[in-house]
There are 4 protein chains.
Amino acid sequence: MNERQYEIHTDLALEARERFEGDAGEIPGVSLEEWYEEQARMKVTRVDVLDEQGASLMRKEIGTYITLEADFRDYEEACQKILAHWIRSLLPEGSRKILAVGLGNKELTADSFGPIAVSHLWITGHLAEEGMSVSGISPGVMAQTGMETARIVEGIVRQMRPDALLVMDSLAARSTERLGRTIQLTDTGICPGSGVGNHRRGLNRRTLGIPVIAIGVPTVVGGATIARDTLEGVLSLLCKQCEEDSVLKKMNSTEREMLVRQIAEPRFGALYVTPKDIDETVLHLGAFVADGINTAIYGYLL
Amino acid sequence: MNERQYEIHTDLALEARERFEGDAGEIPGVSLEEWYEEQARMKVTRVDVLDEQGASLMRKEIGTYITLEADFRDYEEACQKILAHWIRSLLPEGSRKILAVGLGNKELTADSFGPIAVSHLWITGHLAEEGMSVSGISPGVMAQTGMETARIVEGIVRQMRPDALLVMDSLAARSTERLGRTIQLTDTGICPGSGVGNHRRGLNRRTLGIPVIAIGVPTVVGGATIARDTLEGVLSLLCKQCEEDSVLKKMNSTEREMLVRQIAEPRFGALYVTPKDIDETVLHLGAFVADGINTAIYGYLL
Amino acid sequence: MNERQYEIHTDLALEARERFEGDAGEIPGVSLEEWYEEQARMKVTRVDVLDEQGASLMRKEIGTYITLEADFRDYEEACQKILAHWIRSLLPEGSRKILAVGLGNKELTADSFGPIAVSHLWITGHLAEEGMSVSGISPGVMAQTGMETARIVEGIVRQMRPDALLVMDSLAARSTERLGRTIQLTDTGICPGSGVGNHRRGLNRRTLGIPVIAIGVPTVVGGATIARDTLEGVLSLLCKQCEEDSVLKKMNSTEREMLVRQIAEPRFGALYVTPKDIDETVLHLGAFVADGINTAIYGYLL
Amino acid sequence: MNERQYEIHTDLALEARERFEGDAGEIPGVSLEEWYEEQARMKVTRVDVLDEQGASLMRKEIGTYITLEADFRDYEEACQKILAHWIRSLLPEGSRKILAVGLGNKELTADSFGPIAVSHLWITGHLAEEGMSVSGISPGVMAQTGMETARIVEGIVRQMRPDALLVMDSLAARSTERLGRTIQLTDTGICPGSGVGNHRRGLNRRTLGIPVIAIGVPTVVGGATIARDTLEGVLSLLCKQCEEDSVLKKMNSTEREMLVRQIAEPRFGALYVTPKDIDETVLHLGAFVADGINTAIYGYLL
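Residues numbered from 1 in each chain as written. Chains lettered and ligands numbered in written order. Predicted model: local features only at pLDDT ≥ 70, side-chain atom pairs only at ≥ 80, totals over all residues. Heavy atoms only, no water.

Caption draft 1: Examining the relation of the copies chain A and chain D more closely. Each copy superposes on the other: chain A lies on chain D with an RMSD of 0.1 Å after a rotation of 180° and an axial shift of 0.0 Å. Between the two chains, the operation in question is that of a two-fold axis. Using C-alpha coordinates, one finds that chain A approaches the rotation axis most closely at Val 273 of chain A, a distance of 2.2 Å. A high fraction, 100%, of the interface residues of chain A reappear at the interface in chain D, so the copies pair face to face through one surface. (Least-squares fit on C-alpha atoms with pLDDT ≥ 70 in both. Contact = heavy atoms within 4.5 Å.)

Structural data, given as structure tokens:
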């Protein structure tokens, strides 16, 4: 299995799972379910990372990951219902005071999903009302604030004592086809800026002491994805013309990944790749996910 | 003195002091100095509220209030130097980790000075450098976050432990002529949204345990200001034609203020008044004040 | 009638008509209809300025003015239908290529309704499709562009040759209660910046050669409105205490208006008055009116 | 020479010229000068496309292209002077009424340079003043307006009759190292959206009848750049291990380019690649270029 250790980073558990697709049988410590929601034309994937072994193989935290894939614009109402259903499922019973956090840099279009989503929520935390209430904040990124985002959120959580945290963020995927048509929900929390730097403090039940539901939307792929896709393209085109014993044909997947890393990281490490219409995508998905949360929490529309 | 109890609200200590202008002599517990900075064409006023008596008469916290009045655009460099000087004067010796907070609603032009100023600061809190460092955040207003702004800031201060807080906010003045050409600096802190609601928790040394320097810029006057100016205008025009014993002539200042309150509050309480070019004003003053802070802290330009 | 010549400016034909409310009978050259739409809890007023005499009395162009007054948020769907109906009614039969123009300054919250509305339209002008198509632009205001807005629009209209123009703008009302809960539709076009300056070139069929439908939303009242309301308040309070022959009691409405003008214009001419929650109002009304236009043009939702 | 026909698109004449670097001697119809400005630590390149032959080889219009490469932040004042000098040089003698146009989509960070630059210009077109005047507009992109940008600008130019056009736009480069540290000035005009689509109408003296100076800043590279860099990386790494007669070693540059196109276009055609700090870059370069224009036109600072 360790031939997969050079894999390209992805924030999607679904894509982390796909690396093992070729393998016969199951992955220890990981369960997988997939189904199709006919009315919404939506593919739903549920990955459960069950134990430490699964977490280590997948390089994902233990917990549940729900991935929704669809053209959300086309069957908006049906998609909305499924999204609201899964938000409610992940929120622990009895959560009444919700704090929503929009991660990311609102000045950078591809990173603005979180702040846009929070701006569309129905904010009721300051109103003395029955039932559930939602507060919300978009603290900005470390280059703007000079502070680690997780620490800012920690300070606010300790002061305000919400029952649960709902965190929205833009994600990095590995497949360009998933950009703009995928939503991942998880109860494992999130690590702000994970796609960018590392060794950052996470936002999760362990660090904050309350349940943390993360809702992410892939908006970028790293430069390494293009490098890998190019390499695969080159190899598949060239190998047809190659001798059997060519150095190209003889490379196994580990060697390919090492090659991609060697080439991509120094050249493309500070770059990201995003679709040309990402401005429309984040505006739509921000409003769409906020509507899903509003529905899940206040029970309207259903 | 209690005839002044119906005064129109102002965030400027200078204007609070002006109510007593007619009085012969000093106000107990309040000292006042005024001078003119020739090169910057700037009027500087220093009001010190010295004790509880002064605080109660002025309805301002004990501490120092510096007011700069000038056409900041015209003598930008000279004005900048004086601003930087006073920021440094108010910051306690030995403050190294500064947290800057931009109060106000960035979606509302007349309330956006604080967030604009913070966006122009040189943020260095995340860099491991010698000397002073600045972090910054603009948390939004309660209608957007569902949380009291002072509590958000309190949570962040407890987590990040800065040496001093620098708070920027849009203020309400009483005189329309001061809008856009006045900066107030004070070491007494600030009460978020004080111009709007009340009973809010303040941001000051008492609540946060660290020095709080507030830098405010008047961008609005309340509807009551227009009501009062109208009444005064009416009275001065009509009194010329009045009999000596007319009800108009006989009104003293307390009665006039009560009249204004009675008329203005139900009608204009939820309104604010602002100049038509306030968008350019807040953009300029936000950048101008940020430059002053950058200069004061990093020592450039001087 | 000339006692009304000092009236405070309003962009609403409805309010221009209200000045004559006390008069017995009809106004020559002006017809008025009012009714209530039960399902939408909406008051609808239709004013038709029929001829030059009416235009001169009302100081409004000849044409039709529809005013919708409601809490648009509360009965959104029912209100939407009525709005879409009236947009379709005013658009001439056979208009296929529509150019939508968002007037106003998007950096000034109270003036941003037009640009927000245009940003929510379904733009199809560049797609080769059957049926109606919409193009859209928000050119900014003269202080930003250095050009008269009407001339910019004229240039674009001559180049693109749309069948009809749909113009969205923020309006000045006279009554603070109408702010945020009123939409005016008219086939008479509009004069950009009319609330602010004057002698500007209008956008109408005469200047552009095509039908111009204007959709406006009152977001501000002038300082003069507060001055007048204050004066009226003062008078009604004081007159109870006045002698019969007091100068106050003897003032007729012309004299009152002259008094307001004399006081308000030099003091408040460069100011505007707006509600504290105008940011939420323009965001909601911008999206709401855009949905009405989308429905009217593409026939969805109905 | 025709082996270069598969080259990756670039908006920089400098990069178009670099393709011929290996060639001994001159390119017919193209002159090249390079020098170093010591005080500004700036490399300046001047490419003149002299005739049809040069235009066809370079695939660039006939005219002058000045490229400034520097860390503009570090030697801001010295860089500013050189920029202002070249803007003045390209503006025809006697141009008094300047129209500045900010091309690009301000909602897409990497495409927002043009609108940001225009927002920082001193707009004087509406003031009746001696000397030069500047008007400015940022019309948005075709997906927002439904209209070809060149036609909008054409309409405005015909209406307003400026003496010269100054067009600002975000460019696509081929080298990731040039992003954020390059400014190109040219008197050949520009083709809006050329990096994105094609067959668009240009903005130049031929189409508009007035001189058109374009100032562009590279903010993105196409996905094809990463594909090519990857391929080159792969080849240089693998060839060390290859037999002399390997298919890899035998590929010439045309074959490499064909390979990149074949792989990159279907996969990465709708994507762009940009640095992670592009938000700060466009904000700084927008203000920097605007200052250069202000200086060039109004003569301040010098």
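Caption draft 2: Local environment of the packing of helix H3 (residues 76–90) of chain B against helix H11 (residues 278–298) of chain B. All names here are of chain B. The contact between H3 and H11 brings their axes to 8 Å, and the two run at 55°. With respect to H11, the axis of H3 lies oblique. Crossing handedness for the pair H3 and H11: right-handed. Along its contact with H3, which presents Glu 76, Cys 79, Gln 80, Leu 83, Ala 84, Ile 87 and Arg 88, the element H11 presents His 284, Phe 288, Val 289, Asp 291, Gly 292, Ile 293, Thr 295 and Ala 296. Taken together, the residues of the contact of H3 with H11 sort by class into 8 nonpolar, 4 polar and 3 charged. (Axes fitted to C-alpha atoms, helices over the stretch in contact; angles between N-to-C directions. Helix = DSSP H or I, 4+ residues; strand = E, 2+ residues; numbered from the N terminus. Parallel < 35°, antiparallel > 145°, perpendicular 65-115°, else oblique. Left-handed = near helix turned anticlockwise from the far one by under 90°. Nonpolar A, V, L, I, M, F, W, Y, C, P; charged D, E, K, R; others polar.)

Caption draft 3: Representation of the interface of chain A and chain D. Each side of the interface is counted separately: chain A has 40 residues, and chain D has 40 residues. For the pair chain A and chain D, the summed buried surface comes to about 3,500 Å²; carbon and sulfur atoms form 71% of the total. It is Leu 271, Tyr 272 and Lys 276 of chain A in chain A that bury the most area against chain D; as a group they hold 18% of the surface buried on that side. The interface formed by chain A and chain D includes 0 salt bridges. Applying the counting rule to chain A against chain D returns 9 residue pairs in polar contact (both at pLDDT 80 or more). At the level of elements, helix H8 (223–239), helix H9 (247–250), helix H10 (253–268), strand S9 (271–275) and helix H11 (278–298) of chain A are the ones that each hand at least two residues to the side of chain A that touches chain D. Looking at the side of chain A that touches chain D element by element, the count peaks at 10 residues for H8 of chain A. The residue makeup of the side of chain A that touches chain D, split by class, is 23 nonpolar, 11 polar and 6 charged. Looking at chain direction, S9 of chain A and strand S9 (residues 271–275) of chain D are connected through 5 bridges and run antiparallel. Each residue of the ladder has a partner; that of Tyr 272 of chain A, found in S9 of chain D, is Thr 274 of chain D. (Buried area = accessible area lost by both parts, 1.4 Å probe. Salt bridge = Lys/Arg side-chain N within 4 Å of Asp/Glu carboxyl O. Polar contact = N/O pair within 3.5 Å; in protein donor to acceptor, adjacent residues only side chain to side chain. Pairing = 2+ DSSP bridges.)

Caption draft 4: Here's a closer look at the nonpolar core. By size, the foremost hydrophobic cluster in this structure holds 152 residues, and its most contacted members are Leu 165 of chain A, Leu 165 of chain B, Leu 165 of chain C together with Leu 165 of chain D. Here Leu 165 of chain A is in contact with Leu 99, Val 101, Val 153, Val 157, Leu 208, Ile 210, Pro 211, Val 212 and Ile 213 of chain A, once residues within four sequence places are set aside. Val 118 and Phe 288 of chain A together with Leu 83 and Ala 164 of chain D belong to the second-largest nonpolar core, a separate cluster that totals 93 residues. (Core = buried A, V, L, I, M, F, W, Y, C linked by side-chain atoms within 4.5 Å. Buried < 20%, exposed > 50% of the residue type's maximum accessible area, 1.4 Å probe, protein only.)

Caption draft 5: Structural context of the packing of aromatic side chains. Residue and element names in this part refer to chain B. With the rule as written, the count across this model stands at 12 aromatic pairs over all chains. Aromatic side chains Trp 122 and Tyr 298 sit 5.5 Å apart centroid to centroid with 40° between the ring planes, which places their arrangement in the tilted category. Placement of Trp 122 in the loop between helix H4 (113–119) and strand S5 (133–137) and of Tyr 298 in helix H11 is noted, with a sequence separation of 176 residues between them. Taking the relative accessible area as the measure of exposure, Trp 122 reaches 39% and is therefore partly exposed. (Phe/Tyr/Trp six-rings, centres within 6.5 Å; stacked < 30°, edge-to-face > 60°.)

Caption draft 6: Quick peek at the environment of Ile 98 of chain B. All names here are of chain B. With respect to the helices and strands, the residue Ile 98 is situated in strand S4 (residues 97–102). For the pair Ile 98 and Thr 182, spaced 84 residues apart in sequence, the C-alpha separation works out to 24 Å. Once residues within four sequence positions are removed from consideration, Ile 98 is found in contact with Leu 91, Met 132, Ser 133, Val 134, Ser 135, Pro 162, Ala 164, Leu 166 and Ile 297.

Caption draft 7: Local environment of the packing of helix H8 (residues 223–239) of chain B against helix H10 (residues 253–268) of chain B. All names here are of chain B. Direction vectors running N to C along H8 and H10 enclose 135°, while the axes themselves pass 9 Å from each other. The orientation of H8 with respect to H10, classified from their angle, is oblique. In this structure, H8 meets H10 at a crossing whose hand is right-handed. Contacts between H8 and H10 pair Gly 223, Ala 224, Ala 227, Arg 228, Leu 231, Glu 232 and Leu 235 from the former with Arg 256, Leu 259, Val 260, Ala 264 and Phe 268 from the latter. Of the residues that constitute the contact of H8 with H10, the class distribution is 8 nonpolar, 1 polar and 3 charged.

On their own, these measurements won't tell you what the molecule is for.
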